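If you want the building blocks of each chain, they are given just below.
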Amino acid sequence: MSDSTIRWESDADGVVTLTLDDPSSSANTMNDAYVRSMAETIDRLERERETIRGVVVTSAKKTFFAGGNLGSLVQATPDTKDAVLAQVTLVKGQLRRLETLGVPVAAAINGAALGGGLEIALACHHRVVLDDTRIRLGLPEVTLGLLPGGGGVVRTVRLLGLTTALLELLLQGQQLRPSKAMELGLVHELAADRDELVAKARAWVLAHPDAAQPWDTSGYKVPGGTPSSPSLASTLPAFPANLTKQLKGAPYPAPYAILSAAVESLQVDVDTAFTVEGRYFVDLVAGQISTNMIQALWFDLNAVNGGASRPTGPEKYAASKVGVLGAGMMGAGIAHAFAKVGVEVVLKDVSTEAARKGKAHVEGLVGKQVSRGRMSQETADAFLARITPTGDAADLAGCDVVVEAVFEDQALKHRVLSEAEANAAPDALLASNTSTLPITGLAEGVQRPDDVVGMHFFSPVDKMPLVELIVGERSSDEALARAYDVVRQIGKTPIVVSDSRGFFTSRVFGTFVLEGAALLAEGLAPMSIERAALQAGFPAGPLTLLDEVTLTLPLTINEEAAKAGATQEHPGIAVLRALVDQGRTGKSAGQGFFDWQPEKRVWSGLPEVFPTRNPDDGAAVPFADAQERLLFVMAVETARSVEEQVLRSVEDANIGSIMGIGFPPLYGGVLQYVDQYEGGVAGFVARADELADRYGERFRPPAILLERAVPAGSLRAAVSG
Ligand code: NAI
């Protein structure tokens, strides 16, 4: 068994320790070698059962076990369903043999056990886990459009009860710390260190010779009952409705499949339940949505975070002292992000008093963590001590990175950047959080334009995981690499784009919200517009978002575009003007498309300004067209950005669209949406042309799409290939 992924060691007491340790990889996954090794291991356990008093399963890797083999799952199609089913049935059968071996089995969980890793542990009779707050346990399959197909649904609903398993683990794929997993009943014991971990697992198996799984024990009652017990039966009908509400109508198949598998699994015996779970799993794996989600949220995200867009030459860099200019909403958020990872921050505003206001915002965020028990007072004090508020630029001395977040005004930004350049370390990176001003122009205000890059954060900074890095004409590879490393240092995801109007995210976000406004002018009811977006999978509707960013922002951007020579005005612009003319500028004014006080409601005067057309009226926009227009307009604009080389990679486009501007993850991001459209790129192009003929030239597919509209053509291959 030299290439085995499972090491076998037996001791004088008759305890066999199985150590998961794939020799070909830094993490254990459910690859072919695992399946083969497990088969050999289970055969041997069964052969030698009489001499074995117990089994301890542990791992030699940093994580316990990483989970399913996503490389093969992402390739599953309806044609390969049978093979996938055979494989998952085999994996599950092995785990079933382990738990029914007739000897006690304990898992000694030394690191993260997510997905398949937790499923292996669930097939053990007892789980001990290292009490390390960095460790996570959970079944996050749903976040990739899948369900736990290795027995995870069947075992957790039996162990924890249907409602708890669904709400605390399965439907949202929560990743739990050891203490929380213990509280939930998912694990049985915590251990302080590795030695104690294995010792506790060993002691348990020796003390429990008759161990069996609860579901194999006669008289076992599932907590909360089964669907046939009246109390549970009466609440069940509300489950699907609640789920739809929670998903805001977005068509994610996995949560529904998980719900069905969980409920059905409790109505049959455990072995039949595994079969039920397997069928639902295979349907999801073979479907397009899991392919999209695995591609984007695993492969594309890993590529982006792994440095695919980072220049390879410069050495890895870490900031030690950061100057943040402007202690407003964004500056405070940026200061928080750096202080959080231990970096000293000088927070500079027009006066120390103004800077203190920014720091107070950070104090609020940190205070919340303390009051929720997520941070000790000591850590919080040290956290806040790292932020020095000041009104004096001389305090920027020694800063090796400067991020400016003052008002959106080129002359002001020139001034503060040049002042920072004069005071900070002589080679400090000079980054701007501008959302619209060209970086090349900002770099003209300093002596070292090569060191200037755009570092565009999203609001609220503490929640939004994306940063858009903008490369100006003069930005050096060294500066870009530093900016990239600094963003990774604060745990965020950097995409890289070229300097141009609206960069990538603001430009494409703009097309989405303006499309919503255009739909209103064409007679679609406001709530239908919002619903079209939500049911397509966007987190919020375009009219709500317009109110939130304020209606004057797109108007200003439009004016600047017109000054720069843009001739075509978007039909949504006239809608915004009509509202702004009446003082309805958005949420901050308390009124926009919605009245925001006392609670959010569509403005009752809106139908007078933009009458709604009856759906039976041939001129009205069909709901399905409205939905596709929102998706298509973003995809077409992104394709143009690729053509203009604003975007440099498909991965950056997909991740930037999902993590920055709310493109529905179920489509795997804005360019994956094109590739996965029915009929591929050709199908997308045909539909885009239809939309352009009917609704306007903004939908007309650009050349880069036409070139790929051939059999088996894909945008991914065009850009990355
Ligand atoms: P804000 O108005 O909340 O904060 C700006 C801060 O800059 C104020 O505290 C002001 O006192 C300070 N300031 C003005 N002159 C200064 C000077 N000479 N030295 C130091 N500080 C000075 O603005 P917000 O929303 O934080 O935006 C800041 C920048 O971030 C802008 O460029 C904006 O376009 C950009 N941005 C904003 C986003 C948002 O959602 N609000 C998102 C992404 C970027």
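Keep in mind it's a predicted model, so treat the numbers as computed, not measured.

## Some thoughts on the overall build of the protein
- The secondary structure content of the protein amounts to 31 helices and 19 strands.
- Judged by the C-alpha coordinates and their principal axes, the protein covers about 85 × 65 × 50 Å.
- Buried residues in the protein amount to 57% of all 721 residues.
- Within the protein, residue pairs in contact and separated by at least 24 positions form 73% of the contacts whose partners lie at least 6 positions apart.
- Total accessible area computed for the protein in this model is approximately 29500 Å², and 52% of it derives from carbon and sulfur atoms.

## Notes on the domain arrangement of the protein
- By the assigned domains, the protein splits into domain 1 (6–286), domain 2 (321–499) and domain 3 (506–720).
- Distance between the C-alpha centres of domain 1 and domain 3: 42 Å.
- On the domain 3 side, the residues contacting the five residues of domain 1 number seven residues.
- Carbon and sulfur atoms supply 59% of the area buried between domain 1 and domain 3, which totals about 500 Å² over both sides.
- Summed over the three residues of domain 1 that lose the most area to domain 3, namely Lys248, Pro251 and Tyr252, the buried surface amounts to 81% of that side.
- Remark: the boundary between domain 1 and domain 3 carries zero salt bridges.

## A word on helix H5 (residues 152–160)
- Most of H5 is tucked away: nine of the nine residues are buried.
- Two residues or fewer after H5 comes Gly161, characterised by a positive phi angle close to 95°.

## Here we look at the environment of Lys248
- Take Lys248: it is sitting in the loop between helix H10 (238–246) and helix H11 (253–265).
- C-alpha separation for the pair Lys248 and Ala327, spaced 79 residues apart in sequence, amounts to 35 Å.
- Setting aside chain neighbours within four positions, we find Lys248 in contact with Leu534, Gln535 and Pro539.

Rules behind the numbers
- Residues numbered from 1 in each chain as written.
- Predicted model: local features only at pLDDT ≥ 70, side-chain atom pairs only at ≥ 80, totals over all residues.
- Heavy atoms only, no water.
- Helix = DSSP H or I, 4+ residues; strand = E, 2+ residues; numbered from the N terminus.
- Buried < 20%, exposed > 50% of the residue type's maximum accessible area, 1.4 Å probe, protein only.
- Contact = heavy atoms within 4.5 Å.
- Areas by Shrake-Rupley, 256 points an atom, 1.4 Å probe, with all protein chains shown as cover.
- Domains from an automatic or database assignment.
- Buried area = accessible area lost by both parts, 1.4 Å probe.
- Salt bridge = Lys/Arg side-chain N within 4 Å of Asp/Glu carboxyl O.

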